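Structural overview for review
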Amino acid sequence: MSEVTQPPQRRRAHTSTRDLERYAGLFAARTKVMRSSAMRDLMAITARPEVISLAGGLPDTSTFPPQSFAAQMTRIAQESAAEALQYGPTEGFEETKDCILQVMAAEGMLPDPEDVIVTTGGQQAIDLVCKTLVDPGDVVICEAPTYPGAVPVFCSYQADVVQVECDENGMRVEQLEELLGTLRREGRHPKFIYSVPTFQNPAGVTLSLERRARLVELARMHELLVIEDNPYGLLRFGGEALPPLYQLDGGDFVIYIGTFSKILSPGIRLGWAVAPPPVMEKIVLGKQAADLCTSTLTQYFVREYFEEGKWRGYIEDLIGLYRDRRDTMLAALDEHFPAEATWTAPEGGLFIWATLPPYIDTSDLLAKALRADVAFVPGEAAYIDERGRNSMRLNFSGVTEAEIREGIRRIGKVISEQVELYGALTGEQRLPQRPAAAPEAEPEPSDENVLPFRKTGEAGS
Amino acid sequence: MKVAVLKGGRSLERGVSLRSGARVEDALERLGHEVAAVDVGADLVERITADRPDVAFVAMHGVGGEDGTAQELLEILGVPFTGPGVAACARCIDKVLAKNTIREAGLPTPDWVAFNQTAFRELGAANALGRLEQTLGFPLVVKPSRGGSSLGVRFAAAEDEVPNALVSAFSYDDRVLMERFVEGRELAVSVLGGEALPVVEAIPAEGDRYDFEARYAIGRTRFVCPAELSDDERRAVTEAALASYRALGCSGFARVDLILDSEGPWVLEANAIPGLTDTSLLPQAAEAAGMPFEQLVERILDLALHPAAA
């Protein structure tokens, strides 16, 4: 037997400046708005092992039973290797859609399987929706703050993104209404309103029932679509479940995006979209162009997993785990963040959104925090414009309680130092320390009551 | 030859350093050297002792890599390394120290004042902020004393913008400087072995200040090399850069950043280990001088091994 000869590994020389200029001339206009930021560069350090990172958006996958994973994959290998290794339909397998229907039914939705497409994660669903609906310069509306991962998608389709403020009850729909009126007078017709109505990423807030009803009503009135991105809806730790926008609307003006990432695994890259048939037809064409079909193998895995019938139980386990972690984070915030800071108290999901005095830029603060070996996501990532620079997103789902306590202690310390420094610079008096565990009066709903706001003592569980 | 490439580390410029390092490793391999890539951490001494490299290529940027710390260790271990020595690194990384050195050498650098956090926290320095109008005037530039890549650099157009800018700058370092803002052309002179390479001009996209994002994103800032300068301008700029390089005690290479206005060049700072990424200025300048990246890397190694050759 002759040995297999390895072809010599050829490493291409890094490009020269002139090459870069040559390529730059070939870049599409949309790459000009696809930005890499200083913040992203700082994020390179958060991956270091000594850093406690509250910056991730990671679900906890450590509790998923490895034996169960092994058994399912073995069964697939033994019983359906050829099919599982083959291409599949662009829309996804009917069996995958059955699983999706079960998940959606758990939140009270009953879509027609024909309206469902299986996508490579929820992220692809956002991309496909934009691909289908957005021309350069089109107005797209989203929340302020919005899901940081949606920003580069909107930008890459050169959308003109307008953000509507959130308060503790989610997007301020009366502001949206005003905005829609203004746009109409300007002769501009927005293509869609993107919203994460339940346990929003990054703010952790949930759109109230009243606003949900008004939002779908507005969409109907103005004949525009609402993109309901709902990765966290089933991860509720307390409080009353609210009907998804899709259910309220019946699916005429709502495109629904779901994912298995937060209830099973983000590694399998399985999400889905539900859209009215004419829209779905275009989405399917876009999907075909993008990647032909979603991974067959992971669709088989989900099918096996659902057949086992334990998926609800696993979500219950996650809820218990995350509820404890959220409570730990809220307690740590109370203990360690200075009185000048405010934060949300989410009833589910993965994130808390904290807001600091306006003179603290959280991207700069991150530099200081990293020296203390702790990281968070600076608020600027969730805004298109200059807003949000004094806020931060804190993740509690992917870190242990001990890490949460220590991480929040460290962040609290660097914030306090900056607050004190500002006091020394301006002579401004510091607020007295927050009384330990004293429940605070609910803030009056007012115009000032947009995010940031404080909601301590109302953990919601 | 066995070359250890030191990169990464804990600096805030870790990302840039990893890119510089990767590009250098690539060039070294193509030059036929044996490369040991070292992401600098607690095991640095152990790694160097085990690897026994003939020379270390330091591709680290920012505090912890560009400030003489790693260089000090390499000296103790007896490993020759690229770029300026310990003392020059320590001077360049600290903008206040560098500006003092430059001014003492009779070279032009914009007026400035520098404060430690302690001055504000314990000595009531805030009361002196009102005098900035008379001393430096507005707008002024607030910078952390140590660090590079424009991180934490803020402009203050008026007195009331100073506290916020200070809070930002103090996030990066315990000492900050407030510098008179000189409006003019932004130039960089890379010096290799005591000789100036062609001048690079950074022309920001409309309305953009030369900030961190522009510095590393292709297409945001336009670089012209060689910069379009008159002979007199080029001479003045190059001489100011070379004199700064010498005054700071640099060797091997460095990059001097300047502003050119109607009065002539103003030296802002010197970078002991300038970036070596695809979009960095030193490689661009070398290329403009007809020196491809491999040749630049080989020359930098030569200068480390035979300092007299400079």
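Owing to the predicted nature of the structure, the values given are computational and were not obtained by experimental measurement. (Residues numbered from 1 in each chain as written. Chains lettered and ligands numbered in written order. Predicted model: local features only at pLDDT ≥ 70, side-chain atom pairs only at ≥ 80, totals over all residues.)

Topic: the overall build of chain A
Threshold: Secondary structure follows DSSP: runs of H or I at least 4 residues long count as helices, runs of E at least 2 residues long count as strands, and numbering of each begins at the N terminus. Once C-beta atoms are placed from the backbone, each residue is buried if 20 or more other C-beta atoms lie within 10 Å of its own, exposed if 12 or fewer, and partly exposed for counts between those two.
The number of helices and strands found in chain A is 14 helices and 14 strands. Counting across all 461 residues of chain A, residues that qualify as buried make up 47%.

Observations concerning the domain arrangement of chain B
Interfaces are frequently sized by the accessible area removed from exposure as the parts join. Let me state the cut-off plainly: The source of the domain bounds is an automatic or database domain assignment.
Taken domain by domain, chain B comprises domain 1 (2-82), domain 2 (91-108 + 183-304) and domain 3 (112-180). Just the C-alpha atoms count here: the centres of domain 2 of chain B and domain 3 of chain B sit 24 Å apart.

Overview of the environment of Arg184 of chain A
Along the polypeptide, Arg184 of chain A turns up in helix 7 (residues 173-185). Taking the C-alpha atoms as reference points, Arg184 of chain A and Arg326 of chain A, 142 residues apart in sequence, are found 42 Å from one another.

Topic: the pairing of strand 2 (residues 34-39) of chain B
Residues and elements named next belong to chain B. For clarity, the cut-off: Only strands joined by at least two bridges in the DSSP assignment are considered to pair. The crossover handedness rule: strands pointing away from the viewer, path from first strand over the helix to second strand clockwise, crossover right-handed.
Bridge count for strand 1 (residues 2-7) against strand 2 is six bridges, and the pairing is parallel. Bridge assignment links Lys2 to a residue of strand 2, and that residue is Glu34. Crossover connection from strand 1 via helix 1 (residues 14-30) to parallel strand 2: handedness right-handed.

With respect to the environment of Ala126 of chain B
Here is the rule we go by: We call two residues in contact whenever the C-beta atoms placed from their backbones are within 7 Å.
Checked against the element boundaries, Ala126 of chain B lands in the loop between helix 6 (117-122) and helix 7 (132-135). In this structure Ala126 of chain B comes out as buried when scored by C-beta crowding, with 20 C-beta atoms within 10 Å. Taking the C-alpha atoms as reference, Ala126 of chain B lies 8.9 Å from Pro163 of chain B; in sequence the two are 37 residues apart. With residues up to four places along the chain from it excluded, the contact list for Ala126 of chain B reads Ala424, Leu425, Thr426 and Gly427 of chain A together with Phe120 of chain B.

Quick word on the sheet that holds strand 4 (residues 112-116) of chain B
Residues and elements named next belong to chain B. Keep this limit in mind: For helices, the fitted line uses only the C-alpha atoms of the stretch in contact; every axis is such a line through C-alpha atoms, and the angle between N-to-C directions lies from 0 to 180 degrees.
Here four strands make up an open sheet; going across it, the order is 4-7-5-6 and the pairing antiparallel. The sheet terminates laterally at strand 4 and strand 6 (154-156), the two strands that pair on one side only. Each strand axis lies, on average, 25° off the axis of its neighbour in the sheet, ignoring direction. As paired elements, strand 5 (residues 140-144) and strand 7 (residues 175-180) share five bridges and run antiparallel to each other.

Brief notes about the packing of helix 7 of chain A against helix 8 (residues 209-222) of chain A
All names here are of chain A. Formally: Convention used here: angles under 35 degrees read as roughly parallel, angles over 145 as roughly antiparallel, angles from 65 to 115 as roughly perpendicular, and any remaining angle as oblique. Each crossing is labelled by how the near helix is turned from the far one, with a counterclockwise turn of less than a right angle marking it left-handed and a clockwise turn marking it right-handed.
Two numbers describe how helix 7 lies on helix 8: the axes approach to 10 Å, and their chain directions differ by 15°. Comparing their axes, helix 8 and helix 7 come out roughly parallel. As helix 7 packs across helix 8, the resulting crossing turns out to be left-handed. Contacts from Val173, Leu176, Glu177 and Leu180 of helix 7 reach helix 8 at Arg211, Arg214, Leu215, Leu218 and His222.

Topic: the domain arrangement of chain A
All names here are of chain A. Convention followed: Here the term charged refers only to Asp, Glu, Lys and Arg, the term nonpolar to Ala, Val, Leu, Ile, Met, Phe, Trp, Tyr, Cys and Pro, and the term polar to all other amino acids, Gly among them.
As assigned here, chain A comprises domain 1 (38-62 + 313-426) and domain 2 (86-307). The straight-line distance from the C-alpha centre of domain 1 to that of domain 2 is 26 Å. Elements with a contribution of two residues or more to the side of domain 1 that touches domain 2: helix 12 (311-336), strand 11 (351-355) and strand 14 (391-395). When residues of the side of domain 1 that touches domain 2 are assigned to their parent elements, the largest contribution, six residues, is made by helix 12. Its residues assigned to classes, the side of domain 1 that touches domain 2 shows 15 nonpolar, eight polar and five charged.

Examining helix 12 of chain A
Residue and element names in this part refer to chain A. So the rule is basically this: To estimate the expected span of a helix, count its residues, drop one, and scale the result by 1.5 Å.
Between its first and last C-alpha, helix 12 extends 37 Å over 26 residues, near the 38 Å set by a 1.5 Å rise per residue. Of all the positions in helix 12, only Trp311, Leu318, Tyr322, Arg323, Arg325, Arg326, Met329, Leu330, Ala332 and Leu333 are classed as buried. Looking at the buried residues of helix 12, the elements they touch are helix 11 (296-307), strand 10 (342-343), strand 11, strand 14 and helix 14 (401-426).

So, the sheet that holds strand 10 of chain A
Strand pairing in a sheet relies on backbone hydrogen bonds. The paired strands run either parallel or antiparallel. Residue and element names in this part refer to chain A. Strand order in this open sheet of four strands is 10-11-14-13, and the pairing throughout is antiparallel. Both outer strands of the open sheet, strand 10 and strand 13 (377-378), are each paired with one neighbouring strand and no more. As defined by bridge partners, strand 10 adjoins strand 11 across two bridges and the pair is classed as antiparallel. Paired with Trp343 across the two strands is Ala354, which belongs to strand 11.

Here we look at unusual backbone geometry
Trans peptide bonds make up the majority, and among non-glycine residues the majority have a negative phi. Of note, the amide linkage connecting Ala144 of chain A to Pro145 of chain A takes the cis form, showing an omega dihedral of 0°. By secondary structure assignment, the location of Pro145 of chain A is in the loop between strand 3 (139-144) and helix 6 (151-156). Cis peptide bonds are those with omega within 30 degrees of zero, and the linkage from Cys225 of chain B to Pro226 of chain B qualifies with 0°. Tracing the chain through its elements places Pro226 of chain B in the loop between strand 11 (221-224) and helix 10 (231-247). Even without a glycine there, the phi angle at Phe199 of chain A is positive, about 50°. Inspection of the secondary structure assignment puts Phe199 of chain A in the loop between strand 6 (192-195) and helix 8. Look at Phe199 of chain A and you get buried, because 25 C-beta atoms sit within 10 Å. Phi is positive for Arg269 of chain A, close to 50°, though the residue is something other than glycine.

Regarding the nonpolar core
How we decide: As used here, a nonpolar core is made of buried Ala, Val, Leu, Ile, Met, Phe, Trp, Tyr and Cys residues. They are joined through C-beta atoms within 7 Å.
In this structure, Val129, Val140, Val226, Ile255, Ala273, Ala354 and Phe376 of chain A are the most contacted members of the largest nonpolar core, which totals 143 residues. Sorting elements by how many residues they give to this core places helix 14 of chain A first, with ten residues. Other than its neighbours up to four places away in sequence, Val129 of chain A contacts Ile227, Ile255, Ala273 and Ile283 of chain A. Counting residues in each nonpolar core, the second largest holds 70 residues, with Ala27, Ile48, Ala70 and Leu296 of chain B among its members.

Overview of helix 1 of chain B
Here helix 1 of chain B contains 17 residues, and its C-alpha end-to-end distance of 24 Å stays within 8% of the 24 Å for a straight helix at 1.5 Å per residue. Extensive coverage of helix 1 of chain B is indicated by the burial of 13 of its 17 residues.

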